[in-house]
Structures are given as C-alpha cells and as structure tokens.
Amino acid sequence: SSDVCSSDLAVRVDAWLDPWADPLGSGYQALRALFAFGRGGVLGTGLGAGLPSVGGAPAIPAIHNDLVFAAIGEELGLAGVVVVCGCYLVIAIRGLRIAVAAGDDFRTLLATGLTLVIVLQALLIMAGVLKLVPLTGITLPFVSYGGSSLLVNAVVVGMLLALGARGGEGR
C-alpha cells in the first residue's frame with residue numbers, strides 16, 4: 001500500500017515538474033488548466049463560454065472538483081480569480097479577528113485553526129492549479145463540487161461564527 005502511495009506521489013511530482021514529459025497522460029490536467037488560464041486573459045471568455053471539449057474529451061478534466069479554479073480563470077479571467085482570492089482573504093481576516101477577540105487561549109487556537117483549515121486548503125488547491133505546487137486532488141472550499149467538503153466547510157464557518165458571537169466572554 002505504501003508503494004502505491006509513493007508511486008502516486010512520484011507521478012504527481014513528475015507531472016508538476018515537467019507536464020510536457022507526458023502531455024496526454026500525467027501532465028494532461030496541469031497543461032489544460034494552464035491553457036484555460038491563458039485563454040481567459042484579464043476579463044475571461046464570459047460565463048459559460050469556456051472551451052467545453054477538445055476532441056470529444058472535456059477541455060479541463062475534473063473541472064467540477066479539482067480544477068474548478070481553472071474554469072473560473074478561463075471564464076472570468078484574472079478579474080474573477082482576484083475576486084475569488086479576495087473572498088478567501090475576507091474569510092482569513094474575519095477568522096483571525098475572531099481569534100484575536102476570543103476570550104481564552106483555547107478559543108484563540110480553535111478560531112485560528114478553523115480559519116487556517118479553509119484558507120490553507122484554498123491556497124493549496126489554487127497554487128496546484130496554477131502549477132506552483134503539485135496538484136493534490138482536494139476541493140476548493142465552497143466552490144468545488146462535493147457534498148461532504150461543502151458540509152465540513154459549512155460546519156467550520158458555523159463554529160467560527162459561534163466563536164465570534166461569544167467574543168470575549170471567557171475573560
């Protein structure tokens with residue numbers, strides 16, 4: 001089992017380092033995502049005007065979960081990407097403000113951890129789609145398709161809101 005995991009990791013890292021080594025295999029996702037960003041430009045192609053398929057295959061594989069950020073980059077361009085990043089920045093700022101205002105060390109650490117769960121997950125997947133780090137296969141919080149991911153992230157935000165509502169009561 002560990003050999004399978006290490007070989008999968010090796011394939012991901014190899015595809016990250018040189019997607020052109022196997023452009024129709026392991027490098028296909030990374031290359032299609034980069035092409036989508038390039039096609040989107042500054043203002044994008046428009047909602048629903050992204051490239052639907054190439055030769056009968058989806059233009060961006062796993063577009064509904066792993067690579068939805070590439071679809072945003074294609075259809076909404078750099079402007080849309082900046083807006084999505086701005087939304088995660090708002091979550092980070094608000095979550096860390098809740099952590100600073102918490103009444104005790106436990107609530108401070110809990111709020112910081114909950115905030116980082118969402119923000120680091122978002123940063124990791126966005127960096128993977130932009131080929132800054134190897135793709136991980138995790139979902140983009142609140143954007144990617146996936147019921148369990150959406151549910152868990154909603155619970156995390158609910159806990160942050162509950163911590164924020166309690167404020168400094170523990171002091």
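Refer to the structure above for everything that follows.
Predicted, not measured: the structure shown is a model, and the values here were computed from it.

Thresholds applied
Residue positions are given per chain, counted from 1 along the sequence in the order it is written. Under the rules for a predicted model, residues below a pLDDT of 70 receive no local features and side-chain atom pairs below 80 are neither given nor counted, while totals for whole chains, interfaces and linings still include all residues. Calculated side-chain values reflect all of the structure's heavy atoms, with hydrogen atoms and water omitted. Throughout this description, the term nonpolar core refers to a set of buried Ala, Val, Leu, Ile, Met, Phe, Trp, Tyr and Cys residues connected via side-chain atoms within 4.5 Å. Relative accessible area decides the class of each residue, using a 1.4 Å probe on protein chains only: under 20% of the type maximum gives buried, over 50% gives exposed, and in between gives partly exposed. Think of it this way: any DSSP run of H or I at least four residues long counts as a helix, any run of E at least two long counts as a strand, and we number them from the N terminus. Contacts are assigned to residue pairs with any non-hydrogen atoms lying within 4.5 Å of each other. Salt bridge criterion: a side-chain nitrogen from Lys or Arg within 4 Å of a carboxyl oxygen from Asp or Glu. Each polar contact in these results corresponds to two N or O atoms within 3.5 Å; when the atoms are within protein, one needs to be able to donate a hydrogen and the other to accept it, and residues that are neighboring in sequence are counted only if both atoms are side-chain atoms.

1. Overview of the nonpolar core
Okay, step 1: Counting residues in hydrophobic clusters, the biggest one holds 26 residues, and the most contacted among them are L67, F69, A70, Y88, M126, V129 and L140.
Okay, step 2: Broken down by secondary-structure element, the contributors of at least two residues to this core are α2 (28–40), α3 (68–101), α4 (105–129) and α5 (147–166).
Okay, step 3: The biggest single contributor to this core is α3, with 9 residues.
Okay, step 4: Excluding residues that lie within four positions of it along the chain, M126 makes contacts with F69, C85, Y88 and L140.

2. Here we look at the pattern of salt bridges
Where charged atoms of side chains with opposite charge meet at close range, the side chains can pair.
Okay, step 1: Scanning all chains against the criterion turns up 1 salt bridge.
Okay, step 2: The shortest N-O distance in the salt bridge between R39 and E74 comes to 2.7 Å. One end of the pair, R39, is in helix α2; the other, E74, is in helix α3, with 35 residues separating them in the sequence.
Okay, step 3: For R39, a relative accessible area of 40% translates into the label partly exposed.

3. Here we look at the side chain of T115
Okay, step 1: For T115, the location among the structural elements is in helix α4.
Okay, step 2: A polar contact is formed between the side chain of T115 and the backbone oxygen of A111, at a distance of 2.8 Å.
Okay, step 3: In contact with T115, not counting residues within four places along its chain, are I91, A92, G95, L96 and L160.

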